[in-house]
Amino acid sequence: MDFMDHMLITEGQVKIRVPTFEKVSSRAPVFYNPVMELNRDLSVLALQQFKSEIEKDLNICDAFGGSGIRGIRYSKEVSGVEGVLINDVNPQAVALARENSLENDTDNVKVCQKDANLLLRHCKGKFNVVDIDPFGTPSPFTDSAAVNLPRNSMLAVTATDTSALCGTYPEPCIRKYGSKPLKTEYCHENGLRILAGFLSLSFARYKKFLTFKFCHSTEHYLRLYATVSKGAKKTDNSLKDMGYIAHCPSCLNRKVHYGIAPLIDPRCPHCDHLMRVAGPMWCGNIQDPDFISGMMDKSEKLVLNQRKDAIKLLELCKLESTAPPTFYDIHTICSKLKISAPPMISLLEGLRMEGHISSPTHFTPTGIKTTAPLEVVEKLIESLVKQREI
Ligand SMILES: C[S@@+](CC[C@H](N)C(=O)[O-])C[C@H]1O[C@@H](n2cnc3c(N)ncnc32)[C@H](O)[C@@H]1O
Ligand SMILES: [Zn+2]
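## A word on the sheet that holds strand β13 (residues 328-329)
Sheets are built from strands paired through backbone hydrogen bonds, the pairs being either parallel or antiparallel. A sheet is described by the order of its strands in space; here three strands give the open sequence β13-β15-β14, paired in antiparallel fashion. Because the sheet does not close on itself, it has two edges, and the strands there are β13 and β14 (358-361). Bridge count between β14 and strand β15 (residues 364-370): four bridges; the pairing is antiparallel. Each bridged residue has a counterpart across the sheet, and for T361 the counterpart in β15 is T364. Running over the sheet, helix α13 (residues 344-353) touches β14 and β15 and is turned about 150° from β14.

## Things to note about the site of ligand 1
The environment of ligand 1 is formed by 20 residues, the closest being F64, G66, V89, N90 and A116. Among the residues making up the shell around ligand 1, the classes are represented as 10 nonpolar, five polar and five charged.

## Some points on the nonpolar core
Core analysis: the largest hydrophobic core is formed by 107 residues, its most contacted members being V130, L155, L195 and L224. Looking at this core, the element that brings in the most residues is helix α8 (residues 187-204), giving nine residues. In contact with V130, other than residues within four places in its own chain, are C61, A63, L120, A145, N148, L149 and L155.

## What about the domain arrangement of the chain?
Its domain assignment divides the chain into domain 1 (6-294) and domain 2 (327-390). With centres defined by C-alpha atoms, the gap from domain 1 to domain 2 works out at 32 Å. Listing elements by their share of the side of domain 1 that touches domain 2, those giving two or more residues are α8 and β8 (208-218). In the side of domain 1 that touches domain 2, the residues fall into two nonpolar, four polar and two charged.

## Some remarks on the sheet that holds strand β3 (residues 58-62)
Judged by pairing direction, the sheet is mixed, and its seven strands sit side by side in the order β5-β4-β3-β6-β7-β9-β8 without closing on themselves. Each having just a single partner strand, β5 (109-112) and β8 make up the two edges of the open sheet. Geometrically, the sheet is characterised by an average inter-axis angle of 15° between neighbouring strands, direction not taken into account. Strand direction decides the pairing type here: strand β7 (residues 153-159) and strand β9 (residues 221-230), joined by seven bridges, are antiparallel. Bridge pairing links M154 to T227 in β9. Here helix α2 (residues 69-77) sits on the sheet and contacts β3, β4 (81-87), β5 and β6 (129-132); the angle it forms with β4, its principal contact strand, is near 175°.

## Points about α8
In this model, α8 (18 residues) spans 25 Å end to end at C-alpha, consistent with the 26 Å of a helix rising 1.5 Å per residue. Across the 18 residues of α8, 17 count as buried, placing the element largely inside the fold.

## Some words on unusual backbone geometry
With omega at 5°, the peptide bond leading from G279 into P280 counts as cis. The topology assignment puts P280 in strand β12 (residues 276-282). Here D105, not a glycine, exhibits a phi torsion of approximately 55°, which is positive. Position of D105 among the secondary structure elements: in the loop between α3 (91-103) and β5.

## A short note on the packing of helix α10 (residues 289-299) against helix α11 (residues 307-319)
Taken N-terminus to C-terminus, the directions of α10 and α11 make an angle of 160°; their axes are 9 Å apart at the nearest point. By the angle class used here, α10 and α11 are roughly antiparallel. The two elements α10 and α11 meet at a crossing, and its hand is left-handed. Residue-level inspection shows P289, I292, S293, M295, M296 and S299 of α10 in contact with α11, the latter providing R307, A310, I311, L314, C317 and K318. Looking at the contact of α10 with α11 residue by residue, the classes come out as eight nonpolar, two polar and two charged.

The rules behind these values
Residues numbered from 1 in each chain as written. Chains lettered and ligands numbered in written order. Predicted model: local features only at pLDDT ≥ 70, side-chain atom pairs only at ≥ 80, totals over all residues. Pairing = 2+ DSSP bridges. Helix = DSSP H or I, 4+ residues; strand = E, 2+ residues; numbered from the N terminus. Contact = placed C-beta atoms within 7 Å. Axes fitted to C-alpha atoms, helices over the stretch in contact; angles between N-to-C directions. Near = placed C-beta within 6 Å. Nonpolar A, V, L, I, M, F, W, Y, C, P; charged D, E, K, R; others polar. Core = buried A, V, L, I, M, F, W, Y, C linked by C-beta atoms within 7 Å. Buried ≥ 20, exposed ≤ 12 C-beta atoms within 10 Å, placed from the backbone. Domains from an automatic or database assignment. Expected span 1.5 Å × (residues − 1). Parallel < 35°, antiparallel > 145°, perpendicular 65-115°, else oblique. Left-handed = near helix turned anticlockwise from the far one by under 90°.

Spelled out as structure tokens, the structure:
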């Protein structure tokens, strides 16, 4: 391949040639997005942590390889990798990934050009990590990942169709994920949960169930890491974490309803306004604090350009790991109450003193996750604001 109009970029421990670009575009001859460096840094940490939890070496499928940067970083930066298969349907991407792989002296990377669905179905059981990083939605590929992955494996998925998952365009979300989204202050969390629920149902068809280890919403994308286990009974049991979230647009009250066809009261118990319902979605855990701690420990030994942001994100995800679904946005509550917002730290501490779980959240700096009901949060906000006025 002619590298005349290419540029050399350094990420982690690798140097990669990518086509020169002025604007990131899926129409580029080979796709590369510098904003995803944080995503790739976190992926390296997640795979290293996963490796430390299983006995086997990793066989990784980077099914949407682009320039090869992700797969090459896995090969060079994660220890205990037996092989990485970098795949892309675009022949120019495949040629560039081959060149990049050679230039980085990888000894365990193979590159191939296939449609990801065909590759995953053809190589059933050959990988213990599958990374799905397509343009837009992963939904046409998750069934093949579910067929492919054996027990004790890891699935990593990116979705960039946040406008659908987070409720700006509900119809595409229903079409792609079989779930109704809702535009609320916590719509990015709902988006992650809709994707997690969709993945869990896809895997359930093959008597496989997912345990979510680390999930985040950053910039324009959502990213999930889950381990795969097998067994019909355990899969049935895991699906008990599927459910719906009913939201009152008038008073901001919300309630989680577990089950695939639960009884949902159409009226808000607080103000009698009609509730709006989102789902089905995953209402169980989406963060595993031990896994995330492991990722933070592993970061000390690795060269990461985005270390500071990666650690900040991991700390927040760990803090919110024990809190229930949804969060309150302090500014939204305060504008409803027509008062100014109290300091976050006082609110978090106040809720804890009253015996509730409370944490900040990575979704937004003005969000609070808590087990406290809305009226308790509102009362505390009002009393904190009054105290400040005295
Ligand atoms: C978002 S880019 C991947 C970026 C890359 N993982 C990275 O971290 O830089 C998506 C890639 O998927 C490829 N692609 C699109 N449809 C595909 C399919 N059906 N099978 C395999 N690759 C596909 C595109 O050519 C593109 O290179
Ligand atoms: Zn209400």
